[in-house]
Amino acid sequence: NDGITYTVRVDNNGPSTASTLVITDVLPGGLTYAAGTTSPAPTTVNGQTLTWDVPSLANGANTEITVGTTVDSDATGTLDQTASVTSVTADPSTGDESDTQQTAITEQADLSVTKLGTTDADAGGSVSYTITVTNNGPSTATNVVVSDVLPTGLTYSATTDPTPDTQSGQNVGWDIASLASGANQVFTLDATVDGDAPTSVTNNVSVSSDTNDPTPGNDSDSQQTTITPQADLDVAKTGTASAPPGGPVSYTITVTNNGPSAATNLVVTDELDADLVYDAGSTTPVPDDVTGQTLTWNVTSLAATANTGFTVGATLSATASGTVDNTASASSDVNDPTAANDSETYQTTVSAASADLVLTKTGPATASPNDGITYTVRVDNNGPSTASTLVITDVLPGGLTYAAGTTSPAPTTVN
C-alpha cells in the first residue's frame, strides 16, 4: 500500500524538433495508477497503460512526467515499470526510446496480538486466557509463531484449545503456516494456579512471522492476574469421654492445613468450659496466652498438608454435672475456603461423683485399768470428687468407757 512516484523524462537530442510525440507508461501488475499524484494528467488511461500526447519537443528541450502509483497489498517480487516514446519525426538513434525501472517489493504484514483473561483467581483454582492474533496486512503473514510464557505460579492445563504445537514447562507455542491480510486466529490458554503462587502473576504472549512487520509495537501483550492464597484449616479434637467431678481430663487438638497455600500467622484457641479448671502442668506446648478460660497459641506458618498438635490438661470442678464443652478453633491471615471445619467441640460427660475415702486410727498399744486412752481417727479424701454426707462411726469395745470431755469434736450421736 506504499505510494511510489516515478519520473519519466523525455529528451530531444536533435537536431530537429520532434513532433507529435506519444509517451506511454505501462504499469505492471501490482501497481495501481494514482491520479492525484500524477502530473500532468495522462491524455488517456486504458487499464494499466497511461498515454500522454505532446505536440512537439524542440531540439535540446525535455519534458518530465510524474507518475503516481500505489503498491497493491498482494504485490510480490520485483515490479518492472516501462515507459516509451514515439514521434512522427525520424529518430536517427534508436534503442533509447524506452526505459524500465525495477522496484523490489518488500512484503509487509502488521501482526498484532491481544490477550484477555482471568483477572482474579484463588490459589488452587484455574485461569483462562484468550489470545487473538490479527494480521492487519497488507500482505499475507507466513510462518507465524505465537509464543506464550506462563509465569511462575501457573501450570499449563491440557484443556488449552487448540492444542499447542509446542509445550515445554512454562513455554507454550502455536505455529500458523500463513495468515491472510485482515484475518485473525483465536487461542484459549488454560492453566491451574499453584498453591504457592505469588499474589500477582503476569502472563505474556508474543507473535512473529517471516514477513516483515512494519509496526512491531503491537506484537506482544500481557494479562495480569491477582492471586488470593487459600488455606483450608481443619481442626480435630479428641479427649476424655467421661470423668467424675474433680477428676482430671485431657484434650488433644490437631490442626491440619489442607492447603493449597501455606497458612501464615496461625492462631489456635481453646475455650475451656466454666466447669473446667486449667492445668498448666499437663498442657503442651505452653500457651502463648492464657486469659480467663481461653488458651491461645501462635504459629508463624503452617505449610500445606502439614499439621500441628496441642494437648490441654484440666480438672473438672467439684460441682460439675451433665456435660462440659471444650471448643478449639483455628484462624490465619490466609483466606479459608471452607470455614465450617475451622473449629470443633468435644463434650465430656460428668459421671457420678467418686471419692476415695481412707480412714486411719492411731492410739496406745498398751494401757492400765483406770488409765485414760485417747484415739485419733483420721479420714482422708483422695478424690477426685468431694465426699458428701460422710458418717464416721467409732465402736468402743467392752472395757472402754466413752469420755466426752476428751473427745473432739463431739459425736453427732452416742448410742
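Above this note sits the structure.
Residues numbered from 1 in each chain as written. Predicted model: local features only at pLDDT ≥ 70, side-chain atom pairs only at ≥ 80, totals over all residues. Heavy atoms only, no water.

## Topic: the sheet that holds strand β14 (residues 166–168)
In step 1: The strand order across the open sheet built from six strands is β10-β18-β17-β12-β15-β14, with neighbouring strands paired in mixed fashion. Of all the strands in the sheet, just β10 (120–122) and β14 have a single pairing partner and so form its edges. Averaged over all neighbouring strand pairs, the angle between strand axes comes to 20°, with direction disregarded.
In step 2: Two elements, strand β12 (residues 141–149) and strand β15 (residues 171–179), share eight bridges in a ladder whose sense is antiparallel. The residue of β15 that forms the bridge with Val149 is Asn171. (Pairing = 2+ DSSP bridges. Helix = DSSP H or I, 4+ residues; strand = E, 2+ residues; numbered from the N terminus. Axes fitted to C-alpha atoms, helices over the stretch in contact; angles between N-to-C directions.)

## Let's talk about unusual backbone geometry
In step 1: Along the chain, Gly14 connects to Pro15 via a cis peptide bond; the corresponding omega equals 10°.
In step 2: Structurally, the position occupied by Pro15 is in the loop between β1 (3–11) and β2 (18–26).
In step 3: For the bond running from Ser39 to Pro40, omega is -10°, close enough to zero to count as cis.
In step 4: Along the polypeptide, Pro40 turns up in the loop between β3 (31–33) and β4 (44–46).
In step 5: With a phi close to 50°, Asn265 is a non-glycine residue in the positive phi region.
In step 6: We classify Asn265 as partly exposed; its relative accessible area is 42%. (Buried < 20%, exposed > 50% of the residue type's maximum accessible area, 1.4 Å probe, protein only.)

## A short note on the sheet that holds β2
In step 1: Here five strands make up an open sheet; going across it, the order is β4-β5-β2-β7-β8 and the pairing antiparallel. The two strands at the open ends of the sheet, each matched to only one other strand, are β4 and β8 (98–104). Each adjacent strand pair in this sheet contributes to an overall mean axis angle of 20°, direction not counted.
In step 2: Sheet analysis places β2 next to strand β5 (residues 49–57), joined by eight bridges and oriented antiparallel. From the neighbouring strand, Asp25 faces β5, where its bridge partner is Leu50.

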